[in-house]
Amino acid sequence: AGVYRAVVRFGGKAEWEAVKEMHETAEEAVEKVRCLRSMGSTKDIALLKESIDYAVSDKTRNQDSSSLLAAVSINVKGTDLFREYFTSKWDFLFKKLGTVLISRLVGSVGDSVDRKDADAIEAWWKTVDEIQRKTADRNVAQAVENIHLYANFVERDQEKVIAYLKQ
């Protein structure tokens, strides 16, 4: 898995396509998921968008799509892209993935250190259908809490970490 991620992260479209092809031809589910997680590690924004599209395409099993979407969400270049997609396509994702997968994936919107993101997530969540909110209320609350925790860490320790790294 580490080799696949390195190839995609430091490669370009050809390497990303090669791992995508490996996903499509792999016979074992574990290998398929390994490929999907690797595809989300690219530095290329256009390929991250393709990764999101691929994750929800008919080429990816529903139970595996959350692996690729989560990989995009933790990619520093993909965090905002994922959050924007996730919040704007909520109804589609909710129908496609179902309550179990969506409730696990919803925590991925909390990969940020900006309190404005927490406010935006809370505002968005209030617009979601009440019945749908019941499936992931706790996960969204945890995602918002994580953003505040990360922001606290940055505010408290950023200068110390920078000073340490300069040594």
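Residues numbered from 1 in each chain as written. Predicted model: local features only at pLDDT ≥ 70, side-chain atom pairs only at ≥ 80, totals over all residues. Heavy atoms only, no water.

Caption draft 1: Quick peek at the packing of aromatic side chains. According to the stated counting rule, one finds 7 aromatic pairs in the structure shown. Ring plane angle 40° and centroid distance 5.5 Å describe the contact between Trp90 and Phe94, whose orientation is recorded as tilted. Taken as a pair, Trp90 and Phe94 lie in helix H7 (residues 90-105) at a separation of 4 residues, close to a single helical turn. For Trp90, a relative accessible area of 3% translates into the label buried. Exposure remark for Phe94: the relative accessible area of 15% places this residue in the buried category. An aromatic cluster is built from Phe82, Phe86, Trp90, Phe94, Trp124 and Trp125, whose rings are joined through pairwise contacts. (Phe/Tyr/Trp six-rings, centres within 6.5 Å; stacked < 30°, edge-to-face > 60°. Helix = DSSP H or I, 4+ residues; strand = E, 2+ residues; numbered from the N terminus. Buried < 20%, exposed > 50% of the residue type's maximum accessible area, 1.4 Å probe, protein only.)

Caption draft 2: Quick look at the packing of H7 against helix H9 (residues 130-166). Running from amino to carboxyl end, H7 crosses H9 at an angle of 50°, the nearest separation of the two axes being 10 Å. By the criterion of interaxial angle, the relationship of H7 to H9 is oblique. H7 and H9 meet at a crossing whose hand is left-handed. Together, Trp90, Asp91, Phe94, Thr99, Ile102, Ser103 and Arg104 of H7 and Gln132, Thr135, Ala136 and Asn139 of H9 make up the contact between the two elements. (Axes fitted to C-alpha atoms, helices over the stretch in contact; angles between N-to-C directions. Parallel < 35°, antiparallel > 145°, perpendicular 65-115°, else oblique. Left-handed = near helix turned anticlockwise from the far one by under 90°. Contact = heavy atoms within 4.5 Å.)

Caption draft 3: Representation of the nonpolar core. Counting residues in each nonpolar core, the largest one holds 39 residues, and the members touching the most others are Leu69, Phe86, Trp90 and Leu93. Here this core gets 7 residues from one element, more than from any other, and that element is H7. The contacts of Trp90, once residues within four sequence positions are left out, are Ile102, Val106, Trp124, Trp125, Val128 and Gln132. (Core = buried A, V, L, I, M, F, W, Y, C linked by side-chain atoms within 4.5 Å.)

Caption draft 4: Spotlight on the pattern of salt bridges. Counted under the stated rule, the structure contains 10 salt bridges. For Arg156, the salt bridge goes to Asp157, with nearest N and O atoms at 2.7 Å. Look at Arg156 and you get exposed, because its relative accessible area is 53%. Here the residues in one salt-bridge network are Lys13, Glu17, Lys20 and Glu50, joined through shared partners. (Salt bridge = Lys/Arg side-chain N within 4 Å of Asp/Glu carboxyl O.)

Caption draft 5: Representation of helix H2 (residues 13-25) within the structure. Between its terminal C-alpha atoms H2 stretches 18 Å, which fits the 18 Å expected from 13 residues at 1.5 Å a residue. Where H2 is concerned, the buried positions are Trp16, Val19, Lys20 and His23. Taken down its axis, H2 places every buried residue within 105° of arc, on the same side. Among the exposed residues of H2, those oriented more than 90 degrees off its buried face are Ala14 and Thr25. Each element contacted by the buried residues of H2 is listed here: helix H1 (2-10), helix H3 (29-39) and helix H4 (45-55). (Expected span 1.5 Å × (residues − 1). Arc of directions from axis to C-beta.)

Caption draft 6: Summary view of the environment of Ile74. Here Ile74 is to be found in helix H5 (residues 62-74). The class of Ile74 is exposed, set by a relative accessible area of 64%. Separated by 34 residues in sequence, Ile74 and Ser108 place their C-alpha atoms 7.5 Å apart.

Caption draft 7: Summary view of a negative patch on the surface. A contiguous patch of negative charge, built from Asp91, Asp129, Glu130 and Asp137, is present on the exposed surface. Note that Asp137 resides in helix H9. You can call Asp137 partly exposed: its relative accessible area is 37%. (Patch = residues over 30% accessible without salt bridge, like charges linked within 9 Å, V, L, I, M, F, W, Y side chains within 5 Å. Areas by Shrake-Rupley, 256 points an atom, 1.4 Å probe, with all protein chains shown as cover. Lys, Arg positive; Asp, Glu negative; His and termini not counted. Charge placed at Lys NZ, Arg CZ, Asp CG, Glu CD.)

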